[in-house]
Amino acid sequence: MLPPLPEKVSMALSDPSLVWLLALLTVGLPVAAVLLWHRIPGPPPVVLSARLASVVASQLAPVLLVGVALNDYAYFYGSWGELWSSLTQTVDNRYPVSPVTSVDRAARGPHDGVTLIASPGGSQSVPASRWPKVGRLESVRIQGDVSQLGTQAYVYLPPQYFQARYRNATFPGVEVLSGYPSTDTMLVQRLDVERRLATAIAHHRARPMVLVMMRPTITLPRDTECTDVPGGPQVETFYAQDVPRAISASYRVPPTGWGAMGYSTGGYCATKITMGYPDVFRAGVSMSGYYRALQDYTTGNLWGGSRQLRDLNSPEWRLRHQPAPPVSLLVTSSKGETGPYGIRDTRRFLGLVRPPMQVSSVIAPSGGHVFSTWSPQVPEALRWLSAQLYPAGPARAAPAAPPVTAPSVRAGRLPSAPPR
């Protein structure tokens, strides 16, 4: 067991002066090593040790400089404690994917856009007898009829899906999107979304929902930002239209009344498709997402040089220049997230929201652009989504959990983070 990192460190990881200090050491240490190489006093073992230490320090400084500079640019970690936690955190994989076979697929009927994928390690999977208690996690491939795109995904079916009293019930669907270049596996292993939903349902904090967990990028290594690229892949169409249609054809999920949630790029995508397709999506959650159309070396030009098309892919621009859609959003960030799309952009976006659109917010006192910041927000996000997707009571799924409500604020008001 590694010892805990001391709570107080002389210089914060996010302190800009740390970059300058490491830059100074990167230049100064090699110079000092050359100047002092033949001036180190003492016996030969001491001289040799000192020279070796100077060489190691001269090489270590630029490595640290690159790492800290990248963190300063992208804000992966907000503190030394978060960095240490990520290094010592173990991946919990106690919820394996249920085994699927050709029999499972045949039972679904004709081709409907979702193909079950056999999972490795089937002997450790949850047996069918436990599905009514813990639910089932399936590995699938979703093929879009309109976009002609396809991707692998995980589908989590809640316990009620297999219980006799809900045999004919339908359940709202939720698209859960990872960041870029992350994978759908991170949603299962790092954020534990499916197990946290099961726990919330068991404690009557959320109602049954079907989770469809995916990454927001289909054409790797390019980051398409959930965009219908002119003359290229129609990624927005895939997530906004094909996925709900394919899932509703394969599972007891209606094609409308969906939710979406994600972190980072996934948060941007969840916001964009929720606002752009209110006839399909009712609510969205953006955890450390951004609200302007991004262009960098990972995306290239996604809009064919059209400024109008880029504006239409910017949730912030749409709120400034178009009528607000009748949807609800939950936006989370942290006061310490100072990246190019950090807390200031989040506050500006919140200030633009107006009826009939509604927005709720959770602003953490600290944290970076990392899993340790998003992980505590997942239970609240699921609870909030459940409240939005069951606005009028049990609906057709008729779950036993009592109604839950979520705080909702109009434009610009920022409530404090709810107790956890």
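Provided above is the structure to which this section pertains.
Residues numbered from 1 in each chain as written. Predicted model: local features only at pLDDT ≥ 70, side-chain atom pairs only at ≥ 80, totals over all residues. Heavy atoms only, no water.

**Observations regarding the pairing of strand β7 (residues 281-287)**
Here is step 1: Burial runs high along β7: 6 of the 7 residues are buried.
Here is step 2: Sheet topology places strand β6 (residues 258-263) next to β7; 6 bridges connect them, and they run parallel. Bridged to tyrosine 263 within β7 is methionine 287.
Here is step 3: Since β6 and β7 lie parallel, the crossover through helix α9 (residues 265-276) that links them has a hand, and here it is right-handed.
Here is step 4: Looking at chain direction, β7 and strand β8 (residues 328-334) are connected through 5 bridges and run parallel. (Buried < 20%, exposed > 50% of the residue type's maximum accessible area, 1.4 Å probe, protein only. Helix = DSSP H or I, 4+ residues; strand = E, 2+ residues; numbered from the N terminus. Pairing = 2+ DSSP bridges. Right-handed = clockwise from strand over helix to strand, strands pointing away.)

**Description of the nonpolar core**
Here is step 1: Residues Ile142, Val212, Tyr239, Ile247 and Tyr251 are the most contacted members of the largest nonpolar core, which totals 43 residues.
Here is step 2: Looking at this core, the elements that each hand over two or more residues are β1 (114-116), β2 (136-143), β3 (150-157), β5 (210-214), α8 (235-250), β6 and α9.
Here is step 3: Sort the elements by how many residues they give to this core and α8 lands first, with 7 residues.
Here is step 4: In this structure, Met209, Met213, Tyr263 and Met287 belong to the second largest nonpolar core, which totals 32 residues. (Core = buried A, V, L, I, M, F, W, Y, C linked by side-chain atoms within 4.5 Å.)

**Observations concerning the packing of aromatic side chains**
Here is step 1: Under the counting rule described, the total for this entry stands at 11 aromatic pairs.
Here is step 2: Ring geometry for tyrosine 166 against phenylalanine 171: centres 6.4 Å apart, planes inclined by 65°, an arrangement best described as edge-to-face.
Here is step 3: Phenylalanine 171 gets classed as buried once you look at its relative accessible area, which sits at 1%.
Here is step 4: Judged by centre distance (5.6 Å) and plane angle (80°), the ring pair of phenylalanine 371 and tryptophan 374 falls under edge-to-face. Of the two residues, phenylalanine 371 and tryptophan 374 both sit in helix α13 (residues 371-374), 3 residues apart, roughly one turn of that helix.
Here is step 5: Classification of phenylalanine 371 as buried rests on a relative accessible area of 17%.
Here is step 6: Among the aromatic residues, those joined into a cluster by ring pairs are Trp131, Tyr161, Phe162, Tyr166 and Phe171.
Here is step 7: The ring of tyrosine 161 has arginine 252 lying over it, and the distance from NZ or CZ to the ring centre is 4.0 Å. (Phe/Tyr/Trp six-rings, centres within 6.5 Å; stacked < 30°, edge-to-face > 60°. Lys NZ or Arg CZ within 6 Å of the ring centre and 35° of its normal.)

**Brief notes about the pattern of salt bridges**
Here is step 1: Evaluation of the coordinates by the stated rule reveals 9 salt bridges.
Here is step 2: Of the charged contacts, one joins lysine 272 and glutamate 236 as a salt bridge, the two residues approaching to 3.9 Å between their closest N and O atoms. One end of the pair, lysine 272, is in helix α9; the other, glutamate 236, is in helix α8, with 36 residues separating them in the sequence.
Here is step 3: Given the relative accessible area of 2%, lysine 272 is considered buried. (Salt bridge = Lys/Arg side-chain N within 4 Å of Asp/Glu carboxyl O.)

**A look at the state of the cysteines**
Disulfides are covalent bonds that link the sulfur atoms of two cysteine residues.
Here is step 1: All told, the structure shown has 1 disulfide when counted by the stated rule.
Here is step 2: Sulfur-sulfur distance for the disulfide between cysteine 226 and cysteine 269 comes to 2.2 Å. In this structure the cystine formed by cysteine 226 and cysteine 269 twists about its S-S bond by roughly 100°; its chirality is therefore right-handed. Of this pair, cysteine 226 sits in the loop between β5 and α8 while cysteine 269 sits in helix α9, and the two are 43 residues apart along the sequence.
Here is step 3: Judged by relative accessible area, cysteine 269 falls into the buried class, the value being 0%. (Disulfide = S-S within 2.5 Å.)

**So, the sheet that holds β7**
Here is step 1: Within the open sheet, the 9 strands sit side by side as β1-β2-β3-β5-β4-β6-β7-β8-β9. Their pairing is mixed. Since the sheet does not close on itself, it has two edges, and those belong to β1 and β9 (358-364), each with one partner. Strand-to-strand twist across the sheet, computed as the mean angle between neighbouring axes with direction ignored, equals 20°.
Here is step 2: Of the pairings in the sheet, the one linking β1 to β2 comprises 3 bridges and is antiparallel in character. (Axes fitted to C-alpha atoms, helices over the stretch in contact; angles between N-to-C directions.)

**So, unusual backbone geometry**
Here is step 1: Looking along the chain, the bond that leaves leucine 220 and enters proline 221 is cis, with omega of 5°.
Here is step 2: Residue proline 355 is joined to proline 356 through a cis peptide bond whose omega torsion reads 5°.
Here is step 3: Note on placement: proline 356 falls in the loop between α12 (343-352) and β9.
Here is step 4: Residue cysteine 226 is not a glycine yet carries a positive backbone phi of 50°.

**Considerations on the environment of leucine 330**
Here is step 1: By the secondary structure assignment, leucine 330 is in strand β8.
Here is step 2: Considered as a pair, leucine 330 and serine 286 are 44 residues apart in the sequence and their alpha carbons are 6.3 Å apart.
Here is step 3: Those residues in contact with leucine 330 that lie beyond four places of it in its chain are Gly284, Val285, Ser286, Ser360, Ser361, Val362, Glu380, Ala381 and Trp384. (Contact = heavy atoms within 4.5 Å.)

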